[in-house]
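# Fold and contact review
The lines below spell out each chain.
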Amino acid sequence: MGPGLRADPVSFRLYPYARVPDQDAPARRHAVVVVGGGPVGLALALDLGRRGTPVLLLDDNEGAGQGSRAICFAKRTLEIAHRLGAATPMLDKGVVWNVGRVFHGEHQVFEFDLQPETGHRNPAFINLQQPYFERFLVDAIRTAQAEGAPIELRGGNRVTAMTQEADHAALEVTTPDGAYTLEADWLIACDGAHSSIRDFMGLEFEGRVFEDNFLIADVRMTAGFPTERWFWFAPPFEGAGKSALLHKQPDDIWRLDFQIGWDIDRAAELAPEKVRARVDAMLGPGVEYDLDWTSVYTFQCRRMRRFRHGRVLFAGDAAHQVSPFGARGANSGIQDADNLAWKLDLVIRGQAPDTLLDSYCQERGSGADENILHSTRATDFLTPKSEISQIFRDAVLGLARRHAFARSFVNSGRLSEPCVYDDLPLTGADALTDGPARTRPGAACVDAPLADGFLLDRLPGEFVLLGLNAPLPDLAGMEGITLHRLALDCATDDPTGALAARYLGAAAQAVYLIRPDQHVVARWPDAQAGAITAALRRAIALKG
Amino acid sequence: MPLILDPNIDDADGFYDELLAAHHGLTKAESDALNARLILILANHVGDRAVLRQALEVAREK
């Protein structure tokens with residue numbers, strides 16, 4: 001790296017800087033430029049590229065950053081990664097856990113076994129360090145590139161200026177070889193909580209900042225702690241602060257998290273001997289370990305008012321931020337990418353009006369509001385803000401040791417579930433009377449085992465018309481949109497009964513129209529071409 | 001079912017006695033904690049969110 005560009009250390013050097021012809025030419029126009037090579041930017045580039053839409057990703061680094069950071073990836077994220085061809089190594093590497101224990105002081109309040117519902121390809125969540133998640137996405141991008149996907153990754157490329165014109169965004173990019181300019185028909189900011197694109201545009205956040213610091217210590221040890229999530233309110237060990245967490249990651253790494261308060265000296269807290277004193281007190285005497293990574297973080301629960309500003313769109317932490325409780329940061333960002341990719345692809349192909357992108361703001365804004373609500377509630381439980389909230393919090397923990405009802409109030413983070421786009425403009429009517437609520441229009445399709453494989457494997461990222469025990473009509477000329485047809489018969493295709501339970505309920509048959517991101521558009525007891533066409537037009541923001 | 005605001009406890013004086021007796025000898029902090037536990041226990045027993053919301057509204061009237 002040359003002067004003027006700070007090179008952060010990386011866990012994996014995935015896209016080393018290399019000089020490209022753009023640097024010696026007048027500003028070249030690109031269809032899509034993604035800024036930021038984190039999980040969201042990489043997933044978006046992969047999805048767009050696999051659809052055949054050219055995408056250029058710029059990252060100021062040369063690979064995955066250091067430290068575990070996001071460690072909990074939820075089922076919906078794994079389903080999306082599976083659709084993108086990236087999930088298998090994640091599942092092979094990730095740690096699956098089900099048992100959690102909650103402590104208050106020295107006492108165990110209760111333990112829970114999440115016992116995931118059967119009949120899904122993917123577990124409810126895995127623990128996996130963020131650098132691995134990013135590496136496996138880049139591996140999938142390399143595979144897609146080899147198959148012809150028009151994706152380009154440029155490491156060591158930092159965006160240092162940006163202006164928005166009528167039909168494009170103009171960027172200045174600084175590299176180790178100096179600066180160059182380029183233009184983007186569409187610019188997607190996936191550049192994180194400190195988004196420079198947001199700063200260039202003078203856009204702000206709305207929401208709350210929580211005045212607390214958390215110390216993360218990732219330690220490597222082979223001690224025989226079980227693969228469980230342990231959470232302490234008012235931990236009994238020296239210096240642990242108001243709450244503490246112990247959680248397993250791959251490679252014999254354990255995430256230790258201490259809530260250490262607002263008025264701290266950050267550098268002093270990160271001194272290895274100070275960190276080790278805390279860790280020693282938590283793990284007990286005689287446990288040998290190495291410090292793998294340490295960090296002090298604060299957090300916010302806040303969002304941009306709008307995620308689209310003309311030809312610039314914001315996704316992931318650049319658009320919205322939550323507390324880490326409930327693993328809603330990276331997981332919601334991946335849902336942003338999932339939501340945006342197919343819409344942007346259709347707009348660029350001229351198959352949908354650009355107002356389709358406004359639905360991205362509405363749908364993912366609704367998701368952000370839901371995530372902010374959940375994570376704010378968890379934060380308020382973890383860090384009571386008043387005397388009376390402390391009294392109620394402690395009353396809940398006291399009761400929870402003896403009475404099951406109080407355990408439902410204990411909130412150390414509600415794990416991320418995909419959000420449902422109820423009552424939003426793209427979502428059609430629910431004509432399946434008494435159909436299961438979990439697969440209603442707006443919901444992400446729930447997986448189910450088929451005679452051969454799983455249902456979500458058959459929803460390949462394009463519109464799908466799914467018939468369950470129902471004939472499908474012949475539909476021609478669907479606005480030029482590819483519409484896959486999937487006719488299933490529960491007598492032969494539903495070995496466990498889960499498909500009928502999740503998609504029919506009491507109904508004998510059903511027809512579902514499903515979006516490229518696997519969310520349900522509309523459903524009916526039987527198929528009528530007119531209703532299907534109208535629902536599809538609505539789902540791509542065509543009027544009338 | 002709407003929130004019951006008419007007399008609904010047999011021997012109201014007796015219950016009031018028991019309520020005060022439960023707090024007997026407690027510090028302010030212990031009493032606050034008991035009240036919090038009692039509210040949570042009773043709220044769970046009621047269960048109905050609409051009734052609980054009405055109760056919160058009535059309680060906020062001074």
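Residues numbered from 1 in each chain as written. Chains lettered and ligands numbered in written order. Predicted model: local features only at pLDDT ≥ 70, side-chain atom pairs only at ≥ 80, totals over all residues. Heavy atoms only, no water.

To continue, consider the packing of helix α1 (residues 39-50) of chain A against helix α8 (residues 329-348) of chain A. All names here are of chain A. Where α1 meets α8, the axes come as close as 9 Å, and the angle between the chain directions of the two elements is 30 degrees. By the angle class used here, α1 and α8 are roughly parallel. Between α1 and α8 lies a crossing whose hand is right-handed. Between α1 and α8, the residues in contact are P39, V40, A43, L44, D47 and L48 and G333, I334, A337, D338, L340, A341, L344 and D345, respectively. (Axes fitted to C-alpha atoms, helices over the stretch in contact; angles between N-to-C directions. Helix = DSSP H or I, 4+ residues; strand = E, 2+ residues; numbered from the N terminus. Parallel < 35°, antiparallel > 145°, perpendicular 65-115°, else oblique. Left-handed = near helix turned anticlockwise from the far one by under 90°. Contact = heavy atoms within 4.5 Å.)

All right, on to the nonpolar core then. Burial of nonpolar side chains together is a common tendency in soluble globular proteins. Residue and element names in this part refer to chain A. Ranked by internal contacts, the top residues of the largest apolar core, which has 99 residues, are M90, L187 and F463. Broken down by element, this core gets its largest block of residues, nine residues, from α8. Residue assignment places this core across two domains, with domain 1 (10-92 + 115-201 + 301-370) and domain 3 (437-539) each supplying three or more. (Core = buried A, V, L, I, M, F, W, Y, C linked by side-chain atoms within 4.5 Å. Buried < 20%, exposed > 50% of the residue type's maximum accessible area, 1.4 Å probe, protein only. Domains from an automatic or database assignment.)

What follows is about the environment of P516 of chain A. Residue and element names in this part refer to chain A. Along the chain, the position of P516 falls in the loop between β23 (510-514) and β24 (520-524). Sequence separation between P516 and P460 is 56 residues, and the spatial gap between their C-alpha atoms is 7.3 Å. With residues up to four places along the chain from it excluded, the contact list for P516 reads R51, R83, W342, G461, E462 and F463.

All names here are of chain A. Counted under the stated rule, the structure contains 40 salt bridges over all chains. Across the pair R29 and E183 runs a salt bridge whose closest N-O atoms are separated by 2.9 Å. Taken together, the residues R29 in strand β2 (residues 28-35) and E183 in strand β12 (residues 178-189) connect sequence positions 154 residues apart. Here the residues in one salt-bridge network are D47, R51, R76, E79, R83 and D338, joined through shared partners. (Salt bridge = Lys/Arg side-chain N within 4 Å of Asp/Glu carboxyl O.)

All right, on to the layout of surface pockets then. Taken as a whole, the second largest pocket encloses approximately 2100 Å³ of empty space. Lining of the second largest pocket is provided by 41 residues; of these, I39, A43, L52, A55 and L56 of chain B occupy positions nearest its centre. Among the elements of the structure, α9 (356-382) and α10 (387-400) of chain A together with α1 (12-22), α2 (28-46) and α3 (49-60) of chain B are those that each provide at least two residues to the lining of the second largest pocket. Of all the elements, α2 of chain B adds the most residues to the lining of the second largest pocket, at nine residues. Here the lining of the second largest pocket is composed, by residue class, of 25 nonpolar, nine polar and seven charged. (1 Å grid on protein atoms, 1.4 Å probe; cavity = no way out; pocket = protein on both sides within 12 Å on 5 of 7 lines; lining within 4 Å. Points joined across faces, edges and corners; volume = space filled by probe spheres on them. Nonpolar A, V, L, I, M, F, W, Y, C, P; charged D, E, K, R; others polar.)

The partner chain A presents seven residues to the eight residues of chain B that form the contact. Buried surface at the junction of chain B and chain A, summed over both partners, amounts to about 740 Å²; 88% is from carbon and sulfur atoms. Our count for the chain B to chain A interface comes out at zero salt bridges. Counting the contacts that link chain B with chain A gives zero residue pairs in polar contact (both at pLDDT 80 or more). Broken down by class, the residue content of the side of chain B that touches chain A amounts to five nonpolar, one polar and two charged. (Buried area = accessible area lost by both parts, 1.4 Å probe. Polar contact = N/O pair within 3.5 Å; in protein donor to acceptor, adjacent residues only side chain to side chain.)

Bringing the domain arrangement of chain A into the picture now. One can read the domain layout of chain A as domain 1 (10-92 + 115-201 + 301-370), domain 2 (206-298) and domain 3 (437-539). The straight-line distance from the C-alpha centre of domain 2 of chain A to that of domain 3 of chain A is 46 Å.

Moving on: the sheet that holds strand β21 (residues 463-468) of chain A. Residue and element names in this part refer to chain A. Taken in spatial order, the four strands make up an open sheet running β22-β21-β23-β24, and their pairing is mixed. Only two strands of the sheet have a single partner each, and these edge strands are β22 (483-488) and β24. Each strand of the sheet is rotated relative to its neighbour by a mean of 15 degrees, with strand direction disregarded. Bridge count for β23 against β24 is four bridges, and the pairing is antiparallel. Bridge pairing in β24 places Y512 opposite R523. Where helix α14 (residues 529-539) meets the sheet, it contacts β21, β22, β23 and β24, and its direction lies at approximately 165 degrees from that of β24. (Pairing = 2+ DSSP bridges.)

Now for the sheet that holds strand β13 (residues 205-220) of chain A. Residue and element names in this part refer to chain A. Pairing is mixed in the open sheet, where eight strands are placed in the order β7-β6-β14-β15-β16-β13-β17-β20. Two strands bound the open sheet, and with one partner strand each, they are β7 (107-113) and β20 (320-321). Both strand β14 (residues 229-233) and strand β15 (residues 243-249) contribute to a ladder of four bridges, which runs antiparallel. Along β15, the bridge assignment pairs F231 with L245. Sheet strands touched by α9: β13, β14, β15, β16 (253-261), β17 (290-304) and β20. Its angle to β17, the strand with the most contacts, is close to 120 degrees.

Bringing α8 of chain A into the picture now. All names here are of chain A. Taking 1.5 Å per residue, 20 residues should reach 28 Å; α8 reaches 28 Å between its end C-alpha atoms and fits that length. Of all 20 residues in α8, 18 are buried, a share of seventy percent or more. Where α8 ends, the next residue or the one after it, G350, has phi of about 75 degrees, a positive value. (Expected span 1.5 Å × (residues − 1).)

This part is about the pairing of strand β10 (residues 158-164) of chain A. Residues and elements named next belong to chain A. Where β10 and strand β11 (residues 169-175) come together, six bridges link them in antiparallel fashion. In the sheet register, Q164 faces β11, and the bridge partner there is A169. What sits between the antiparallel neighbours β10 and β11 is a turn of four residues.

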